[in-house]
Each structure stands twice: as structure tokens, then as C-alpha cells.
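What follows is each chain in one-letter form.
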Amino acid sequence: VQGLIISPVADASEQLLPLQSKGIQCIAGRPLGEHPAIPSISFDDFRGGQLAGEHLVQIGRKRIMFIGRNQISHSANRLAGLRAAVTAALGAAADVTVLQVRALDIENGLIAATDIIGQPRATWPDAIFAANDMLALGAMTAFIRAGIRIPDDIALVGYDDDNYAAMAVVPLTTIRQPSYDMGHRAAEILLHHIAHPTAPIEHISFEGSVIIRESTFGAEAHAAPTVEKPTLRKGSARQHRPVSPLP
């Protein structure tokens, strides 16, 4: 084995450094605090949350709920970005509530939405940003079963642009991660380090894009612009440049 691409859920530097010392080049799919010896590719989840918040504010939503799990770093970062965007737009009128779930899956999305439905209608959010598409699709299912209109009563935004997002009963607005571009760039960096073991360490962060569908725009989504300009940032210099078009 000459090289390894890994996407750890936590800091794996202690496991990767011994491999590096044996000549096995490694690149992490998530940043390890920009470790000086391990290249990384990551997705800017804070910016993704900002994009979701900006979109919801732009369509007039003011009582926004986040469904996620703070113990998971990317979920917490998405919430932080959402709060930053809503506060920047609405100031003291910003109203972001949080509903914690046990896991980021369809079942917990169903449970979360059922909990919302059980509260007085006056307390319901007018928009929900879910930490991922699976949570959003679970919530959508519960709302539709209860006769709640999406997006008329509650607008809904997911995250990841999973294959099921566009095929939902109400097609789901979501934040798309440029997964292909991230994987392609990770492979390029790994191959470069295999050929040049002393090459400078890179830490590259990609930004996502808002994919607007009917869960926030209703029937108007077909005419709505899709904000789709993924960029990448290189290291702490935060230099932006367009990702090369897909072949």
C-alpha cells in the first residue's frame, strides 16, 4: 500500500502519523485541525449552514428551527452557520430554535416532526433546516401524513443532496456538497505526495451550493435560480478558485 484516503469521524492523526512514518502517504477527508504533517480535504459546513439560512430569510421565513445533533461536529457547524446568517439578516428579531435528535436518519426525522406537530400550532416554526437530507425526508413524511403543507406551512431544507432529495413527494431544497470534485482533488493530492513525499502539505476546504426545489419555493421552484457555484479554499490563506468542470 502506497497511499490511503480516509474520512474519519474524529481526529485520527495518532493512527495516521505512524503510517506516514513508514512511507504510506495519507490524506484525510475531514480536517484534523490542519495538522502540519497530514494533508486534508474538507467541506465548509459553517458556510453550508449560512447558505441555508440566507435562503430561508430571502423567502421570508422568520421562525427557523434546526434539527440535528450538536455532538456531531459537522451538524454543530451547520447550526452555527445558520445562526450567523439569520442573525446577520434579522438582528434582534432572529429566531432560531434547535431540536436535538439521537441520530441523523429518517426515523429521527419522523420523531422530531411528530414532536413539533404535538405542540400548539402557534409555536411551530415556519421553516426547518435539517442537518442532512435523511432527517429532512423523515420530517417531510410526518408533516405530509398530518396534512401540513410544504412549503406553505413549513418550508424545509436538507443537506447533502442525497439521491432521494430530488425524488421526494415534495422535491427537497438542499445544500449540495461537491463530492465528486472533493474525491477527485483528494486523489490528485495523494498521487502527488506518493510521487513527491516531501511536497508541501495542503489543507483544502470546499464550499457547497443551494439546490432550490419545491420544499421552499413550491411550484415556483422550477423557475427559481439554482445557486450552484462550488469553490475550494486552500489552507489558511482562504484563496478561492472555481472547481474544474466535471468531465
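Remember, predicted model here, so these are calculated numbers, not experimental data.

Draft legend 1. Representation of the overall build of the protein. What the protein contains, in helices and strands, is 7 helices and 12 strands. When each of the 247 residues of the protein is scored for burial, the buried share is 49%. Considering only residue pairs separated by 6 or more positions, the protein has 67% of its internal contacts joining residues 24 or more positions apart. Roughly 12,200 Å² of accessible area belongs to the protein as shown, and the carbon and sulfur atoms make up 55% of that amount.

Draft legend 2. Local environment of the confidence of the model for the protein. Per-residue confidence for the protein averages 88 on the pLDDT scale, and 86% of its residues sit at or above 70. Per-residue pLDDT stays below 50 along residues 235-247; that stretch engages in 25 contacts with residues further than four places along the chain or on separate chains.

Draft legend 3. Highlighting the sheet that holds strand 8 (residues 173-176). Spatially, the 6 strands line up as an open sheet ordered 5-4-6-7-8-10, and their pairing is mixed. Both outer strands of the open sheet, strand 5 (95-100) and strand 10 (209-211), are each paired with one neighbouring strand and no more. Sheet twist, expressed as the average angle between the axes of neighbouring strands with direction ignored, equals 20°. Looking at chain direction, strand 6 (residues 127-130) and strand 7 (residues 155-160) are connected through 3 bridges and run parallel. The residue bridging Phe129 from the neighbouring strand is Val157, located in strand 7. This element, helix 2 (residues 45-58), spans strand 4 (63-68), strand 6, strand 7, strand 8 and strand 10 of the sheet and lies at about 160° to strand 7.

Draft legend 4. Just the side chain of Gln20, in detail. Along the chain, Gln20 falls in helix 1 (residues 13-21). The class of Gln20 is buried, set by a relative accessible area of 16%. In this view, Gln20 contacts Gln25, Cys26, Ala37, Ile38 and Pro39; residues no more than four positions away in its chain are not counted.

Draft legend 5. Main features of the packing of aromatic side chains. In the structure shown here, the tally under the stated rule is 3 aromatic pairs. With 5.9 Å between their ring centres and 85° between their planes, Phe43 and Tyr159 make a pair best called edge-to-face. Here Tyr159 lies in strand 7 and Phe43 lies in strand 3 (residues 40-43), a separation of 116 residues in the sequence. Its relative accessible area of 8% is what places Phe43 among the buried residues. Between Phe129 and Tyr159 the ring centres are 6.1 Å apart and the planes differ by 40°, which places this aromatic pair in the tilted class. Placement of Phe129 in strand 6 and of Tyr159 in strand 7 is noted, with a sequence separation of 30 residues between them. The exposure classification of Phe129 matches that of Tyr159, with both residues buried. Above the ring of Tyr159, the side-chain terminus of Arg78 is found at 3.6 Å from the ring centroid.

Draft legend 6. Structural view of the pairing of strand 2 (residues 25-28). Neither face of strand 2 is exposed, since Gln25 and Ile27 on one face and Cys26 and Ala28 on the opposite face are all buried. By the bridge criterion, 4 bridges tie strand 1 (residues 3-6) to strand 2 in an arrangement that is parallel. Looking at the pairing, Ile5 lines up with Ile27 of strand 2.

Draft legend 7. Structural view of the nonpolar core. Counting 54 residues, the largest nonpolar core has Ile41, Ile67, Leu82, Ile116, Ile128, Phe129 and Phe143 as the members making the most contacts within it. No other element matches helix 5 (residues 133-145), which puts 7 residues into this core. Excluding its chain neighbours within four sequence positions, the residues that come into contact with Ile67 are Leu99, Val101, Ala112, Ile116, Ile128, Phe129, Ala130, Ala131 and Leu135. Residues Leu16, Cys26, Ala28 and Ile38 belong to the second largest nonpolar core, which totals 5 residues.

Draft legend 8. Looking closely at helix 6 (residues 179-195). Counted at 1.5 Å a residue, the expected span for helix 6 with its 17 residues is 24 Å, and the 24 Å between its end C-alpha atoms agrees. Of all the positions in helix 6, only Asp181, Met182, Arg185, Ala186, Ile189, Leu190 and His193 are classed as buried. In a view along the axis of helix 6, the buried residues occupy a sector of 165°, so they form one face of it. Exposed residues lying more than 90 degrees from the buried face of helix 6 are Leu191 and Ala195.

Criteria and thresholds
Along each chain, numbering runs from 1 in the same order as the chain's sequence is written. Where totals are concerned, whole chains, interfaces and linings use all residues; where local detail is concerned, this predicted model gives features only for residues with pLDDT of at least 70, and gives and counts side-chain atom pairs only at 80 or more. Values shown for side chains rest on all heavy atoms present in the structure; no hydrogens or waters enter the calculation. Think of it this way: any DSSP run of H or I at least four residues long counts as a helix, any run of E at least two long counts as a strand, and we number them from the N terminus. In this scheme, a residue with accessible area under 20% of its type's maximum is buried, one over 50% is exposed, and one in between is partly exposed, where area comes from a 1.4 Å probe on protein chains only. Note on contacts: a residue pair qualifies if any of its non-hydrogen atoms lie within 4.5 Å across the two residues. Areas reported here follow the Shrake-Rupley algorithm with a probe of radius 1.4 Å; residue values treat only the protein chains shown as occluding. On a scale of 0 to 100, pLDDT captures the predictor's confidence in every residue. A pair of strands is treated as paired once DSSP finds two or more bridges between them. The convention used is that axes are lines fitted to C-alpha atoms, helices contributing only their stretch in contact, and that angles between N-to-C directions extend from 0 to 180 degrees. Each aromatic pair joins two rings of Phe, Tyr and Trp (for Trp, the six-membered one) with centres within 6.5 Å, and gets the label stacked for planes under 30 degrees apart, edge-to-face for over 60, and tilted for any other angle. Counting as a charge over the ring demands two things of the Lys NZ or Arg CZ atom: a distance within 6 Å of the ring centre and an angle within 35 degrees of the ring normal. Only buried Ala, Val, Leu, Ile, Met, Phe, Trp, Tyr and Cys residues count toward a nonpolar core, and they belong to the same one when joined by side-chain atoms within 4.5 Å. One less than the number of residues in a helix, times 1.5 Å, gives the span that helix is expected to have. Here the arc refers to the set of directions running from the helix axis out to each C-beta atom.

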